[in-house]
Amino acid sequence: MRLALLGCGTVGGEVVRLLHEQSADLAARIGAPLEIAGIAVRRLGRDRGDLPVDPALFTTDALGLVKRDDVDVVVEVVGGIEPARGWLVEALRAGKSVVTANKALLAEDGGTLHDAAAEGGADLYYEAAVAGAIPLLRPLRESLHGDRITRVTGIVNGTTNFILSAMDATGAGFAEALEEATELGYAEADPTADVEGFDAAAKAAILASLAFHTRVSAADVHREGITEVTAADVASAKAMGCTIKLLCIAARGVDAAGRETVNVRVHPAMIPLTHPLASVGDAFNAVFVEAEAAGQLMFYGRGAGGAPTASAVLGDVVAVARNRLAGVRAASESAYADLPVRPMGEALTRYHVRLDVADRPGVLAAVAGVFARHDVSIATVRQGSADGSPGTTGRGGDAELVIVTHVAPDAALAATVAELRGLDIVRSVTSVLRVEGGF
Ligand code: NDP
Ligand code: HSE
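These remarks concern the structure in this document. (Residues numbered from 1 in each chain as written. Chains lettered and ligands numbered in written order. Predicted model: local features only at pLDDT ≥ 70, side-chain atom pairs only at ≥ 80, totals over all residues. Heavy atoms only, no water.)

## Here's the deal with empty space enclosed by the protein
Point 1. With the rule as written, the count across this model stands at 1 cavity of 30 Å³ or more.
Point 2. Empty space within the largest cavity amounts to approximately 40 Å³.
Point 3. Along the walls of the largest cavity sit Tyr125, Tyr126, Glu127, Leu137, Arg138, Arg141 and Asp316, which together make up its complete lining.
Point 4. Sorting elements by how many residues they give to the lining of the largest cavity places helix α6 (residues 137-141) first, with 3 residues.
Point 5. Here the residues of the lining of the largest cavity are counted per class, giving 3 nonpolar, no polar and 4 charged. (1 Å grid on protein atoms, 1.4 Å probe; cavity = no way out; pocket = protein on both sides within 12 Å on 5 of 7 lines; lining within 4 Å. Points joined across faces, edges and corners; volume = space filled by probe spheres on them. Helix = DSSP H or I, 4+ residues; strand = E, 2+ residues; numbered from the N terminus. Nonpolar A, V, L, I, M, F, W, Y, C, P; charged D, E, K, R; others polar.)

## Concerning the sheet that holds strand β5 (residues 97-100)
Point 1. Strand order in the open sheet formed by 6 strands is β3-β2-β1-β4-β5-β6, with parallel pairing between adjacent strands. The open sheet has two edge strands, β3 (58-59) and β6 (124-125), and neither has a second partner.
Point 2. By the bridge criterion, 2 bridges tie β5 to β6 in an arrangement that is parallel. Counterpart to valine 99 in the pairing with β6 is tyrosine 125.
Point 3. Here helix α1 (residues 10-21) sits on the sheet in contact with β1 (2-6) and β2 (35-40), set at roughly 155° to β1.
Point 4. Seen against the sheet, helix α12 (residues 306-326) touches β1, β4 (73-76), β5 and β6 and runs at an angle of roughly 170° to β5. (Pairing = 2+ DSSP bridges. Contact = heavy atoms within 4.5 Å. Axes fitted to C-alpha atoms, helices over the stretch in contact; angles between N-to-C directions.)

Below, the structure written as structure tokens:
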């Protein structure tokens, strides 16, 4: 079984190492030895340390390597949209199996890859693209195919989970926690993809596509990052017995016409400390799946890093290699349901709103009236200091109100907050967070 490796960086280097260290076991599991036919990289002269591989295997001609007749399986760990898409389409159309960790490409244009795989009768596996080492996509695309998934809620970005966990543990602000994440090597030099939620949104699209048998792309995902989360938000969550996580949520729903829909979103949210995702700290990932028959399932582990990600890549390599030897192909993409994606404004969610208001008669009624006008039902109201101590005063003699709503359409909740911000009696809206996980 001859393998073309595209990319030899953080993940690719570990793929090479594991292929070398476990060659006998892998051969036994597959039923044939695995050999590297070539490794495509950008810089031939780059120092690759003590990588156990023949330097003559390196090339900068990725497309030429993909096209070689002696290549059976193409492993892509380069990333980005182009030229990766061109290489993988070429491989799949030629009937070569593809294993990729490229979440950005799958979320942007997974349909093209799936179509090419169908055309060439080839396997397309991408377990490493979401939540690194955690076996998650195989359960969604195989084990749970007898069930009906209703909701997937996940922490799928390690960098932001590290930052939010640090903010929760130390009371640090976002900038300080990001600095720590960068020093420890969790955050990249340009952390935009992580902290602005792009990475999680790509993963959310892939998860939703598999869970709901529907093509969902990154453009369908409502995305908010964690850059606006403040130390005060974290303190406010704590006072409510909650913590803040960057969640990816993919949920089934029904629109006004009674049609089944999906909603896919990534945003920071408060979850109660009793929720299984609340205890997922550091740079770990976890995904909570709810299915009609199976009930609640939780997948937990390392979502990033060279070796954990390479573990998922090699699991896929073994699967596709076995299929080739058996002359079979895994089940193709399942997108038959083709559910419409519901916009964020129609998503049902809950808000936690903290505001400083004038402390005089009628203010509470006026605030409540705003919620009522937007048909948003209030679940709890607390007046006092953010740490929950008794008393009514907030800043400068004003009262502080903390309001948690019942479930309502996101557009109604957002409009409520916008109107509150415009009221004279509202000095400032100091925190607005969505609440998930029920409490
Ligand atoms: P790196 O940046 O560490 O490595 C990228 C590799 O691709 C390098 O070897 C680079 O060559 C090579 N490369 C870049 N451009 C080209 C090109 N035009 N032609 C040939 N080779 C090229 O990335 P990672 O290993 O971190 O990530 C790889 C993929 O895995 C991405 O899709 C990423 O999203 C995904 N992933 C990564 C995770 C992680 O923890 N790192 C976790 C989960 C998924 P050179 O070595 O010469 O620079
Ligand atoms: N940057 C990603 C993270 C890597 O922090 O989780 C894994 O996709």
